[in-house]
Amino acid sequence: MKEVVSSFEDVNSKEALDENKMDKRFGLYEIVKPPETGMTFDSADSLYEYYRQFGRQEGFGVKKKTSRASMDGRSKFVCLSCSRAGKSISHKQNYLTPNPLTRIECKARINATILEDGKCKVNSVALEHNHELSPSKSQFYLCNREKVIGVRRKLAPSDQTSNGVINNYQSVDTGAFDNVTMLENDCMSYFEKGSRLQLFAGDAKAIQEYFVRMQIKNSNFFYMMDMDDDARIKNIFWADARSRALYEEFGDVVTFDTTYLTNKYDMPLAPFTGVNHHGQPILFGCALLSDENTATFTWLFKTWLACMSGRAPNVIITDEHNSMTKAIDAVFPNTRHRWCLWQVMKKLLVKLEGHKLYDQVKMSLQDAIYDSFTKKEFEESWERIVKDLNLCDNLWLSSLYNERNRWVPAFLKDSFWAGMSTTQRDENSVPFFDGRVNSKTTIKQFVEQYDKALRNKVEKEHLADFQCFSTWIPCVTLFEIEKQFQVAYTNTKFKEFQKELTGKLYCEVSCIDSKDGNFDVSEVMFVGDKRKQVHFNVQFNTENCEAHCSCGLFQFRGILCKHAISVLLKMEVINVPEKYILQRWRKDLKRCHTRVKVGYYDDWTSNLEAQRYDKLRKKFDEVADLAVVSDEKMMQLWNLLDEIQTKVK
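How each quantity is defined
- Residues numbered from 1 in each chain as written.
- Predicted model: local features only at pLDDT ≥ 70, side-chain atom pairs only at ≥ 80, totals over all residues.
- Heavy atoms only, no water.
- Pairing = 2+ DSSP bridges.
- Helix = DSSP H or I, 4+ residues; strand = E, 2+ residues; numbered from the N terminus.
- Axes fitted to C-alpha atoms, helices over the stretch in contact; angles between N-to-C directions.
- Contact = heavy atoms within 4.5 Å.
- Expected span 1.5 Å × (residues − 1).
- Buried < 20%, exposed > 50% of the residue type's maximum accessible area, 1.4 Å probe, protein only.
- Arc of directions from axis to C-beta.
- Phe/Tyr/Trp six-rings, centres within 6.5 Å; stacked < 30°, edge-to-face > 60°.
- Lys NZ or Arg CZ within 6 Å of the ring centre and 35° of its normal.
- 1 Å grid on protein atoms, 1.4 Å probe; cavity = no way out; pocket = protein on both sides within 12 Å on 5 of 7 lines; lining within 4 Å.
- Points joined across faces, edges and corners; volume = space filled by probe spheres on them.
- Nonpolar A, V, L, I, M, F, W, Y, C, P; charged D, E, K, R; others polar.
- Parallel < 35°, antiparallel > 145°, perpendicular 65-115°, else oblique.
- Left-handed = near helix turned anticlockwise from the far one by under 90°.

Asks: It is not clear to me how the sheet that holds strand β13 (residues 315-318) should be interpreted in this structure. Could you clarify?
Replies: Two pairing modes exist for strands in a sheet, parallel and antiparallel, and in both the strands are linked by backbone hydrogen bonds. The sheet built from seven strands is open, its strands ordered β8-β9-β12-β11-β10-β13-β14 with mixed pairing. Of all the strands in the sheet, the pair left with one neighbour each is β8 (222-227) and β14 (336-339). Direction aside, neighbouring strands of the sheet carry axes that sit 20° apart on average. In terms of strand pairing, strand β10 (residues 253-256) meets β13 through three bridges, oriented parallel. The partner of Val253 across the bridge, within β13, is Val315. Packed onto the sheet, helix α5 (residues 241-250) meets β8, β9 (233-239), β10, β11 (269-275) and β12 (281-288) and runs at close to 125° relative to β12.

Put into structure tokens, the structure is as follows:
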């Protein structure tokens, strides 16, 4: 994909572009030369377009800062600046939940005079920025989004001049983010439960062509088919190269979503998903399944394990399903298995709907499940409920209680779940592919929509990355701890921390035993119009400044809780230990999955780092092929790589 640049009509502005060079970052046919004093342009609009293209190439946004008019009303002076010029002002009415700010008083700009004939002459130039630049994120700046963001078609020969440049900055635009319409509701329903996939006209061909196309794009695309004795397809699993790279970084917490198997959908789809550093849903792989028995799930989980280089997830969230539970226990014996809480609660309330005291049962169970902070509290509350409401003989309820370690929050908060408690993240969320799959979608139609769904998710992640790069959430206090998280965390996760920090207003700390570092934190909670006081225990270690709270929020979500924060501030801790700043939520890390080349997202020409990575990987593979023939050559290469690694660091 070739980006769009322009030629200029006058001699001075033509010098800004070198027609014989190609910008490797964007695939441009010309490099935009930095602005210089004395450059002239046909108009103020031409000057703006030139500076916008220069900003896009270098990695900053552009805006019109000032424009002065002469006595007759005609503009005489114009100033174009970096989009991060000026000083941001946080509105006091949102003091506890401030909006992201972008301006950091950047001084980069150009000043120009508009001459009597309408032409524009540059008077002064400031090139230095006080912030990081990123060409790969240029597309997200507002000045570029109107013209170049989204899916672009390849240039037709008629669009180009002899040197491959489009004249007069005519950008090729097909719209903003890919807004694919919903699939038609009257498409043919095909799926029937059976021992093999029901593939109809075009299904098998669509799957095969997709797999071939993806492997051509990246050889790390993985797929496996489960066949019966008659060579008919029973089950299919696949994961593209980006999904496998995502798993390397975020595969500690996995949800296996069988919504499409158990709800209104005819699509036999079962995706593996998780969340990224912004808390957005990400895909680790997909399966098409012929049935829901233990053998099928066992095959799928073993295949998944092979795809992910034998690395099982730390925890996995699924719906309550006996066959699935047996398969997970067999294939992932060391993985913590949790049932989707929302699904359990939904089924629980349906089962008890006919009880004469249903409203009382519902409220009592919800209080026991959600408001019990310890295992003992839950068990005592549950025992009291079943006894008072005469539910002791309910066998289903008893079996659910026996599996309480799989779904009751008080039994699960000692493990890290990235804040997730359901396969769909919460009851208001939708499955990963909703909007692309409806109750009548065929496999062929799904394959056609699959790339678009993934591209949409990648676009959202890139936009969130850009927002973290170009904006900042102002601190609401002067505590150094808040600044520590502001610098490190993505905007989404920093807001979560800020919510806990401001929640300190409702907490009161009292010391139980100063020698042992034992504190009681009393929090005032509001449930509707009701107000109650809840006590939490925080253990503080004076040697390493660590604070462990009985609420378990940090262990569960990876966000430091208000109770621990209250104790840390009381003990005058300036900066929290590094263990409380999770790599998972950081915004300043280079994520390996962003360098992976995939067929469904065409940002390769603007990602310089990804191109370098791909070239180096290919070179390393070539050298490795030469060195593996003997131990001597392998050790020779190994020692050289050690030296190179030290020098590069």
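Asks: Any chance you could explain helix α11 (residues 375-388) here in plain terms?
Replies: In an α-helix, one full turn covers 3.6 residues, which means residues spaced three or four apart are oriented alike. When the terminal C-alpha atoms of α11 are compared, their 20 Å separation across 14 residues agrees well with the 20 Å that a helix rising 1.5 Å per residue should span. Among all positions in α11, only Phe378, Ser381, Trp382, Ile385 and Val386 are buried. Here the buried residues of α11 occupy an arc of 125° about the axis, which is enough to place them on one side. The outward face of α11, more than 90 degrees from its buried face, is lined by the exposed residues Lys376, Glu383, Lys387 and Asp388. In this structure, the buried residues of α11 make contact with α10 (358-371), α12 (395-402) and α13 (409-412). A positive phi of about 60° marks Asn390, the residue just after α11.

Asks: I tried to follow the packing of aromatic side chains on my own but got confused; where do I start?
Replies: Note on aromatic pairs: each is described by the distance of the centres and the angle between the planes. Evaluated as defined, the whole model comprises 44 aromatic pairs. When the ring of Phe378 is compared with that of Tyr401, the centres are 6.3 Å apart and the planes differ by 20°; the resulting orientation is stacked. A residue pair is termed long-range when its members are at least 10 positions apart, and Phe378 in helix α11 and Tyr401 in helix α12 qualify at 23 residues. For Phe378, a relative accessible area of 0% puts it in the buried group. Following the ring pairs from residue to residue traces out a cluster consisting of Phe222, Phe237, Tyr247, Phe256, Phe272, Phe284, Phe297, Phe301, Trp304 and Phe332. Here Arg311 stacks its cationic end above the ring of Tyr247, 5.0 Å away from the centre of that ring. Arg338 extends its terminal NZ or CZ atom over the ring of Trp417, reaching a point 5.2 Å from the ring centre.

Asks: Any chance you could explain the layout of surface pockets here in plain terms?
Replies: In this approach the atoms are scanned with a rolling probe the size of a water molecule, which exposes any empty space left behind. Within this model, the largest pocket holds a volume of roughly 1800 Å³. Around the largest pocket, the lining comprises 48 residues; the ones closest to its centre are Tyr370, Phe373, Met525, Leu553 and Arg557. Only α10, α13, α16 (491-502), β16 (518-527), β17 (530-541), α17 (553-557) and α18 (562-570) provide two or more residues apiece to the lining of the largest pocket. Broken down by element, the residue count for the lining of the largest pocket peaks at six residues, all from α16. Looking at side-chain class alone, the lining of the largest pocket contains 20 nonpolar, 11 polar and 17 charged residues. Space inside the second largest pocket adds up to approximately 1200 Å³. Listed by contribution, the elements that provide at least two residues to the lining of the second largest pocket are α14 (443-470), α15 (480-488) and α19 (608-627).

Asks: What is the right way to look at the sheet that holds β17 in this model?
Replies: As summarised here, the arrangement of the four strands in space is β15-β16-β17-β18, forming an open sheet in which the pairing is antiparallel. The open sheet is flanked by β15 (507-513) and β18 (546-549), the only strands paired with a single partner. Adjacent strand axes in the sheet meet at a mean angle of 30° when their direction is disregarded. Where β17 lies against β18, four bridges are found, and the strand directions are antiparallel. Directly across from Phe540, in β18, lies its bridge partner Ala547.

Asks: What exactly am I supposed to notice about the packing of α15 against α16 here?
Replies: The axes of two packed helices give the description: the angle between them and the distance between them. Here α15 crosses α16 at 165°, and the two axes come no closer than 9 Å. If you check the angle between α15 and α16, you find them roughly antiparallel. Every pair of crossing elements has a handedness; the one defined by α15 and α16 is right-handed. Taking contact as the criterion, the partners of Ile481, Glu482, Phe485 and Gln486 in α15 are, on α16, Phe494, Phe497, Gln498 and Leu501. A class-by-class count of the residues in the contact of α15 with α16 yields five nonpolar, two polar and one charged.

Asks: Looking at this structure, how should I read empty space enclosed by the protein?
Replies: Scanning the model with the defined rule gives five cavities of 30 Å³ or more in all. Estimates place the volume of the largest cavity at around 100 Å³. For the largest cavity, the lining is made up of 13 residues, of which Arg242, Leu246, Leu283, Lys457 and Val458 are closest to its centre. Put simply, the parts of the chain that give the lining of the largest cavity at least two residues each are α5, β12 and α14. Top contributing element to the lining of the largest cavity by residue count: α14, with four residues.

Any functional reading would require information beyond the geometric quantities listed.
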